[in-house]
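# Observations on the model geometry
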Amino acid sequence: MLALGAPAWGAPQGQMTWAVHVSLAPTWLDPAETPALITPFMVLYAIHDALVKPLPGNAMAPSLAESWKASPDGLTYTFSLRRGVKFHNGDPVTADDVKFSFARYKGAANKLFKERVAGVDVVDPQTVRFRLKQPWPDFMTFYATPATGAAWIVPKKYVESVGDEGFKKAPVGAGPYRFVSFKPGVELVMEANEQYWRKVPSVKRLVFKSIPDDSTRLAMLKRGEADIVYSLRGVLGQEVQKTPGLTFKPTLTTWTEWILFADQWNPRSPWHDRRVRLAANHAIDRQGINQAEYLGGARITGSIIPRGMEYAWEAPLYPYDPAKARALLAEAGYPNGFDAGPIAVDMAYASIVEAATNYLQTVGIRATVRGLERAGFLKENAEKKLRPLVRTASGASGNTSTRLEAFVISEGVYAYGGYPDIDGLYREQVSEVDRKKREATLHKIQQLMHERVMFLPMLEPAFLNGVGPRVAESGFGLITNYLYTAPYEDLKLK
């Protein structure tokens, strides 16, 4: 049974339980390992805190830093830390912790940070200064949004005492909830930090349970074993809509999903031929998948860049045209199709890839589904082991440049290859301070991606969720363009 709800005043009370759609990974407890994906932030927003992060009404809100200032020449950024803030173990949050956290960061865009940041100076315990090698218009976009986890701060003394692996087993942060226990892939338990600077949380205990099976999550919501359930697509979402006492909560954000042709750079692979990649794009009925999986709430796209993202170029859509797909395959030398191998996918989204493989098979591209649990999928994808096809998605914020850095340029954390001219254009725009010139270059990159059919873009999905009757404030939609429930200190039970 769930604990009784908390009143809207006084000390934190009660327990709120989530049934999450993916396996919880130990790396999500450490901001230093944040990939270019939004998923780890469901944990980071609870246990940790950042210098700057999205909060209600502000996409770049002061947090551990109460203010910051860029120099007129764009070469330094100085952050003034909020006074009196402490980590969960009682250590004060200082400029030394900020410098330490940045130095140990090895997540998304870490190579770019190393290339462009000349140094980090501790001016005094409450002031830290970042020095850039040259002007970088996107420094704050990369550093202070969920495009990366670089601005999320950990306690230097504690990490040095327990080591990186010890930290993942018992993380200490400065967020609204402190770590209690963790069973990897099973359950994460946290309790309220009553000294949190922004506000005292209303709910005493948060419990995240990994429940990869969709129907089991829905059953938990109906039985009152979970208060919030993530990702209930298709008929399960419809079931939430028609069940008295339950609330259906879809969210739309900077989220796109696509299939990567990981072997397009291999001359021996059928996917090396642009016509084959184009055929696959014309074989998919995206609107059909949208209706079946997202109840029509997603948006069809021709790009991996969300259309609302800064510097996005609106790519032409690939019309559903099986006859054209077959003609392209015949032209490429595959009149009878070919065995395409597996499409790797996070198990939570296997049904989407099953639908895609059915469409591909109707034109002769005989693909199969290879489902993996989330932690294993992310590890193999980062190691570039998922060939020849990968269903990929990202809901990380930022802008077009941050998305390209992770998935398109040759050294991107999830790029299986690249093109020298695209890499060159990317490097060219990074330091460009003229907005119009920069936009033109980023548009050119996206046009080249489309011309070369680097990806099979599908949808900008709707994230469909269910909320139980005990919840007064779920947190869905409080932060613009954020997928999950947050900030946790704003959540309330009835």
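Before going into details, it helps to say that this report is about the structure given with it. Nothing here was measured: the structure is a model prediction, and the numbers come from that model.

Another point: the nonpolar core. Core analysis: the largest hydrophobic core is formed by 154 residues, its most contacted members being Phe79, Phe113, Phe139 and Tyr143. Contacts of Phe79, omitting those with residues within four sequence positions, involve Leu51, Val52, Ala65, Ser67, Trp68, Gln126, Thr127, Val128, Phe130, Phe139, Met140 and Tyr143. The next biggest cluster of nonpolar side chains, apart from the first, holds 14 residues, and it includes Met220, Leu221, Leu246 and Phe248.

It is worth spelling out the sheet that holds strand 15 (residues 256-261) at this point. Spatial strand order, 16-20-15-19-17-18: 6 strands in an open sheet with mixed pairing. With one partner strand each, in any of the chains shown, strand 16 (299-300) and strand 18 (365-372) form the two edges of the open sheet. Here strand 17 (residues 338-346) runs beside strand 19 (residues 389-394); their pairing, made up of 2 bridges, is parallel. Looking at the pairing, Ile343 lines up with Leu389 of strand 19. Strand contacts of helix 9 (residues 286-294): strand 15, strand 16 and strand 20 (455-460), with the helix running at about 45° to strand 20, the strand carrying the most contacts. Against the sheet, helix 13 (residues 400-407) contacts strand 15, strand 19 and strand 20, and its axis sits at roughly 150° relative to strand 19.

Moving on: the layout of surface pockets. The space that makes up the largest pocket amounts to roughly 530 Å³. Around the largest pocket, the lining is made up of 24 residues, and of these Glu33, Pro35, Ala382, Val413 and Tyr414 lie nearest the centre. For the lining of the largest pocket, the secondary-structure elements that each account for two or more residues are helix 3 (110-116) and helix 12 (374-382). Broken down by element, the lining of the largest pocket gets its largest block of residues, 4 residues, from helix 12. Looking at side-chain class alone, the lining of the largest pocket contains 11 nonpolar, 5 polar and 8 charged residues. As a volume, the second largest pocket reaches approximately 390 Å³.

The end-to-end C-alpha distance of helix 11 (residues 350-362), which contains 13 residues, comes to 19 Å, matching closely the 18 Å that a straight helix rising 1.5 Å per residue would cover. When helix 11 is considered as a whole, its buried residues turn out to be Ala350, Ile352, Val353, Ala355, Ala356, Thr357, Tyr359 and Leu360. Following helix 11 by one or two positions, Gly364 adopts a phi angle in the positive range, close to 110°.

Reading guide: rules and limits
Residues numbered from 1 in each chain as written. Predicted model: local features only at pLDDT ≥ 70, side-chain atom pairs only at ≥ 80, totals over all residues. Heavy atoms only, no water. Core = buried A, V, L, I, M, F, W, Y, C linked by side-chain atoms within 4.5 Å. Buried < 20%, exposed > 50% of the residue type's maximum accessible area, 1.4 Å probe, protein only. Contact = heavy atoms within 4.5 Å. Pairing = 2+ DSSP bridges. Helix = DSSP H or I, 4+ residues; strand = E, 2+ residues; numbered from the N terminus. Axes fitted to C-alpha atoms, helices over the stretch in contact; angles between N-to-C directions. 1 Å grid on protein atoms, 1.4 Å probe; cavity = no way out; pocket = protein on both sides within 12 Å on 5 of 7 lines; lining within 4 Å. Points joined across faces, edges and corners; volume = space filled by probe spheres on them. Nonpolar A, V, L, I, M, F, W, Y, C, P; charged D, E, K, R; others polar. Expected span 1.5 Å × (residues − 1).

Functional significance is not addressed by these values, which are geometric in nature.
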